[in-house]
Amino acid sequence: MTKRRRIAIVFGGRSAEHEVSVVSARSVLAALDPERYEVLMIGIDKQGRWRQLDALPAALGKGALPAVHDQEGRGVSLARQPGDSALVTDDGTRREIDVVFPILHGPFGEDGTIQGMLELAGVPYVGAGVLGSAVGMDKAMQKALFQAAGLRVVPHEVVHDRDWERDRDAIHERASRLGLPLFVKPATLGSSVGITKVKRREDLAAALEEALSYASKALIERSMEGAREIECAVLGNDDPIASVPGEIVPNAEFYDYRAKYLDEGAALVVPADLPPGVSEEIRRLSVVAFRAIEAAGMARVDFFLTESDGIVVNEINTIPGFTPVSMYPKMWEASGVSYPELIDRLFDLAIEQNARERKRGRTL
Ligand SMILES: Nc1ncnc2c1ncn2[C@@H]1O[C@H](COP(=O)(O)OP(=O)(O)O)[C@@H](O)[C@H]1O
Ligand SMILES: [Mg+2]
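These figures come from a predicted structure and were not determined experimentally.

### Some thoughts on the nonpolar core
Part 1 of the reasoning: Grouped together as the largest cluster of nonpolar side chains are 35 residues, with contacts concentrated most on Phe11, Val28, Phe101, Phe322 and Phe347.
Part 2 of the reasoning: When contributions to this core are tallied by element, the ones reaching two or more residues are β1 (5-12), α1 (18-31), β2 (37-44), β7 (99-103), β12 (228-236), α10 (327-334) and α11 (339-359).
Part 3 of the reasoning: When residues in this core are grouped by element, the largest group, seven residues, is from α11.
Part 4 of the reasoning: Two domains share this core, each providing at least three of its residues, namely domain 1 (5-125) and domain 2 (135-152 + 226-350).
Part 5 of the reasoning: Dropping the residues within four chain positions of it, Phe101 is found in contact with Ala8, Ile9, Val10, Val28, Val126, Met298, Phe322, Ile343, Leu346 and Phe347.

### What to know about the pattern of salt bridges
Part 1 of the reasoning: Enumeration according to the criterion identifies 27 salt bridges in this entry.
Part 2 of the reasoning: In this structure, Glu209 and Arg168 form a salt bridge, with 2.8 Å as the shortest nitrogen-oxygen distance. Note that Glu209 is positioned in helix α7 (residues 204-212) and Arg168 in helix α6 (residues 168-176), a separation of 41 residues in sequence.
Part 3 of the reasoning: According to the relative accessible area criterion, Arg168 is partly exposed, its value standing at 37%.
Part 4 of the reasoning: With a shortest N-O distance of 3.1 Å, Arg222 and Asp309 are connected by a salt bridge. Linking Arg222 in strand β11 (residues 217-222) with Asp309 in the loop between β16 (297-306) and β17 (310-317), this pair joins segments that are 87 residues apart in sequence.
Part 5 of the reasoning: In this structure Arg222 comes out as partly exposed when scored by relative accessible area, which is 28%.
Part 6 of the reasoning: Taken together, the salt bridges that share partners define one network made up of Arg6, Glu38 and Arg95.

### So, the domain arrangement of the protein chain
Part 1 of the reasoning: In terms of domains, the protein chain is made up of domain 1 (5-125), domain 2 (135-152 + 226-350) and domain 3 (156-222).
Part 2 of the reasoning: Between domain 2 and domain 3, the C-alpha centre-to-centre distance is 24 Å.

### Concerning the packing of aromatic side chains
Part 1 of the reasoning: In total, this model carries five aromatic pairs according to the counting rule given.
Part 2 of the reasoning: An angle of 85° between the planes, with centres 5.6 Å apart, marks the rings of Phe101 and Phe322 as edge-to-face. In this pair, Phe101 sits in strand β7 while Phe322 sits in the loop between β17 and α10, placing the two residues 221 residues apart along the sequence.
Part 3 of the reasoning: Accessibility expressed as a relative area gives 0% for Phe101, which makes it buried.
Part 4 of the reasoning: Judged by its relative accessible area of 0%, Phe322 falls in the buried class.
Part 5 of the reasoning: Aromatic pair Phe101 and Phe347: ring centres 6.0 Å apart, planes at 90°, arrangement edge-to-face. Residue Phe101 is found in strand β7, and its partner Phe347 is found in helix α11; the two are separated by 246 residues along the sequence.
Part 6 of the reasoning: A network of ring pairs unites the aromatic residues Tyr37, Phe101, Phe322, Tyr328, Tyr339 and Phe347 as a single cluster.
Part 7 of the reasoning: Sitting above the plane of the Phe108 ring, Arg14 keeps its charged end 4.1 Å from the centroid.

Parameters at a glance
- Residues numbered from 1 in each chain as written.
- Chains lettered and ligands numbered in written order.
- Predicted model: local features only at pLDDT ≥ 70, side-chain atom pairs only at ≥ 80, totals over all residues.
- Heavy atoms only, no water.
- Core = buried A, V, L, I, M, F, W, Y, C linked by side-chain atoms within 4.5 Å.
- Buried < 20%, exposed > 50% of the residue type's maximum accessible area, 1.4 Å probe, protein only.
- Helix = DSSP H or I, 4+ residues; strand = E, 2+ residues; numbered from the N terminus.
- Domains from an automatic or database assignment.
- Contact = heavy atoms within 4.5 Å.
- Salt bridge = Lys/Arg side-chain N within 4 Å of Asp/Glu carboxyl O.
- Phe/Tyr/Trp six-rings, centres within 6.5 Å; stacked < 30°, edge-to-face > 60°.
- Lys NZ or Arg CZ within 6 Å of the ring centre and 35° of its normal.

Shown next as structure tokens:
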């Protein structure tokens with residue numbers, strides 16, 4: 001019998017994906033065996049304050065999503081002491097933790113910032129490190145690394161807000177080379193927030209304004225019309241393995257925020273109905289993508305599959321959704337790794353990664 005591990009699940013946060021993160025946290029919590037894990041629930045409210053909660057937040061009202069409310073629970077901070085990482089609540093209670101699971105999507109959670117803080121505190125945490133997380137959150141940077149690793153990416157243009165402010169004609173000119181329709185998206189967000197499908201030239205400006213209201217950088221991409229959306233889950237550190245691929249069949253025009261988390265807006269087909277050769281190739285490319293950004297622990301790699309372009313990488317997510325309708329755990333289940341086993345492995349991988357850094361003397 002191994003020692004009961006003390007886990008801190010950190011969720012919520014300052015990003016537009018706050019509520020999604022709370023839904024993910026709830027389903028991870030439900031999967032954890034209380035005999036083996038003691039769980040501390042750390043909710044970050046929308047102002048960025050950490051709170052230790054006694055229960056997960058519930059949704060207020062029909063159709064609403066749960067959020068971490070101000071003033072709930074006790075304030076908590078992470079104590080940074082050599083070889084001893086603890087969470088300390090306002091009343092002075094100090095609890096050492098074995099692993100942190102940051103289930104935070106988007107900026108300040110998935111982008112390397114909290115990972116940097118956890119590195120400083122020397123505490124093992126699930127998922128990619130600072131570099132992998134930062135690149136995984138940046139759709140422009142990851143595309144550059146994917147291309148360097150020989151992966152095919154969607155034809156695109158990267159637009160910084162300063163370029164858009166200075167010379168709009170030049171941006172229109174660059175966009176026109178990609179044809180129509182286009183997808184315009186913030187470079188550093190997820191969950192389809194701020195994304196617009198542009199069918200007419202005259203709508204490009206508004207779409208860019210929208211995307212640039214969320215991030216200082218936007219992407220204009222050629223629309224992969226009629227593409228199938230295939231995803232693949234990766235798990236591991238040095239020897240990552242890929243799951244069977246799954247397919248998203250959106251009912252809406254694209255797999256948007258509502259389709260992902262609110263409605264039953266998309267059908268998930270796991271395993272995806274693919275010829276064995278294509279499936280194998282997608283698994284191989286997923287591991288290439290995982291390594292290209294130097295991810296660790298887990299990631300979900302999303303592809304477009306078309307007759308004319310073949311397998312094209314869309315993006316990588318270093319903290320994939322863990323909601324009851326999320327693909328990442330579903331794809332592992334279809335590959336023979338149950339939800340609780342998956343979570344166990346993620347904790348082991350986090351401890352392995354941290355132990356290595358400790359040995360190297362990098363960790364305090
Ligand atoms: N270039 C594209 N061509 C076709 N569909 C796209 C394209 N880019 C995004 N989409 C659609 O929008 C969804 C969300 O875009 P994505 O880049 O995956 O952003 P997010 O990080 O928000 O998931 C995709 O799942 C897909 O349905
Ligand atoms: Mg996506």
